[in-house]
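Take a look at the letters that make up each chain.
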Amino acid sequence: MNDRPHLLVVATGMRLFREYILRSIAPQYRIHMFLHAEPTWETEYIENWTVLESTLDADALVAAANELNDKEAIDGVLCWDEARILQTAHIAEALGLPGGDVAMINRCRDKHLTRTALAEHGVPQPKSILVDTVDEALAVAGDLGYPVILKPRALAASLGVVKVDSPEELTANWDFAHDTTVPEAPHYDVKVLVEEFADGYEISIDAAVYQGQVTPFCLARKEIGYPPYAEEIGHFVDAADPLLADDQLLQVLVDAHKAVAFTDGVTHTELMITADGPKLIEINARIGGDLIPYLGLQATGVDPGLAAAAVACGRQPALLPDRTMVGGVRFFYVDEDDTVLDSVGFDADGLPATIDQLVPLMEAGATTSPPPAGTLWGRIAYATTVATTVDDCRAGLDAAEKALRWSGHPKEPTP
């Protein structure tokens, strides 16, 4: 008899950003995966799989999961893809597994529901008003006072988020906030939040939540670029970050999870550290993106994939650090809109030992732009570093940026 838990994983995400999770989980769990196409690189880590016409159809996912569970009991269900976490909750709910509370996940998925729940429980956060038109946005911004943040209700990774300092800037950026989307994002009739500007620096905390107990295991400080847009151009995770011992911050984290009634799973919570204390920006009902949990693994030794798999199966996660290091990541972009790449790579000669990864994300022939036109998917490469200090990590990333070699030409205009 195999004593490894039987774990259902819904989709994978990009290999370069998510393979490390499967690599960690596979030795301790028997993974069955739901995919929309035959697996390729995933086969090294998974025991079996089911190809579905769509992994966005909750009813189809539940039916397939029930069929699988009838053959062999599923111990847990896990997803780290924002577009599929709500559908995955439907599976967990149908099978009576941890995380099986669709309303709980939706309170995180829908940014307006998050704001409403936090306000009802007095969790510190920026004031936030849902608006339908640019005229409504202008009226709300006038009441809140400039600057304000325009934020899409349905997205993640700071997509469509922009700071505006005046009515003219708000009007000019309304379409950006209102119309920015991704193919698999949910649709809401009223799409935009106008929010009070919280002045400070932004962090994120990944936490494992087991039977209501919130345990943070990775704290990252964000690097934001391309103002007034909130493009996340990098992150640093310091195992010895003093914020990990900040009682006020940790209490806000716990209170926020209580407010949205989040009881089981892994969360990625974003907060702004202001002069008035921490303010909650959002809670995501999944493990963090942008390689943040990977940096945490390198910096602390705490494995985010194993933590996520454990709570998905109703098990107490092991969150014991075994090192005190710092991990950093930086993303790189082209200089001009509509650039066709001729080449992209790194000259690795003479780079410091702190360099961990140098990864091109695009190939020759791809057309890309810097933010705001090329947010998130405009990245052409990234580098990661691991060192004993933030300064050494940053120096390594600076060296990697100097070693980046790319060339391109303007895209020919359409006749």
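Refer to the preceding data block for the structure.
Cut-offs used in this document
Residues numbered from 1 in each chain as written. Predicted model: local features only at pLDDT ≥ 70, side-chain atom pairs only at ≥ 80, totals over all residues. Heavy atoms only, no water. Pairing = 2+ DSSP bridges. Helix = DSSP H or I, 4+ residues; strand = E, 2+ residues; numbered from the N terminus. Buried < 20%, exposed > 50% of the residue type's maximum accessible area, 1.4 Å probe, protein only. Contact = heavy atoms within 4.5 Å. Arc of directions from axis to C-beta. Salt bridge = Lys/Arg side-chain N within 4 Å of Asp/Glu carboxyl O.

> I'd like a rundown of the sheet that holds strand 19 (residues 404–410), residues and numbers included.
Spatially, 17-15-19 is the arrangement adopted by the 3 strands of the open sheet, whose pairing is antiparallel. Every other strand in the sheet has two partners, leaving strand 17 (367–368) and strand 19 as the edge strands with one partner each. Of the pairings in the sheet, the one linking strand 15 (residues 339–346) to strand 17 comprises 2 bridges and is antiparallel in character. Opposite V340, over in strand 17, you have T367 as the bridge partner.

> So, the side chain of T384: which residues are in play, and what are the values?
As for its position among the elements, T384 is in strand 18 (residues 381–387). T384 sits in the buried class, given a relative accessible area of 0%. If we skip the residues at most four places from it in the chain, T384 touches L291, Y294, L295, G328, V329, T354, I355, D356, Q357 and L397.

> So what's going on with helix 6 (residues 134–144)? Which residues, and what values?
Residues of helix 6 that are buried: A137, V140 and A141. Down the axis of helix 6, the smallest arc covering the buried residues is 100°, so these residues share one side. Pointing more than 90 degrees away from the buried face of helix 6 are the exposed residues D135, G142 and D143. In the core, the buried residues of helix 6 are packed alongside strand 5 (128–131), strand 6 (148–152), helix 7 (167–179) and strand 8 (192–196).

> Could you give an account of the pattern of salt bridges, with specific residues and numbers?
Summed over the entire model, instances satisfying the criterion amount to 23 salt bridges. A salt bridge links R15 to E19, with the shortest nitrogen-to-oxygen separation between them at 3.0 Å. Note that R15 and E19 are positioned in helix 1 (residues 15–25) at a spacing of 4 residues, about one turn of the helix. Here K222 ties to E232 by a salt bridge, and the two come within 2.8 Å at their closest N and O atoms. In this pair, K222 is assigned in strand 10 (residues 213–225) and E232 in strand 11 (residues 231–238), connecting sequence segments 10 residues apart.

> Outline the pairing of strand 10, listing residues and values.
Bridging between strand 9 (residues 200–210) and strand 10 involves 8 bridges; their strand directions are antiparallel. The residue of strand 10 that forms the bridge with A207 is P216. Hairpin geometry of strand 9 and strand 10 is characterised by an intervening segment of 2 residues between the two adjacent antiparallel strands and by a positive phi of about 50° at Q211. One ladder, built from 6 bridges, connects strand 10 with strand 11; its direction is antiparallel.

> Go over the pairing of strand 9 with me, naming the residues and quoting the values.
The buried count for strand 9 comes to 9 of 11 residues, which makes it a mostly enclosed element. With 10 bridges joining them, strand 9 and strand 12 (residues 265–274) adopt antiparallel strand pairing. When the bridges of strand 12 are listed, A208 appears paired with V266.

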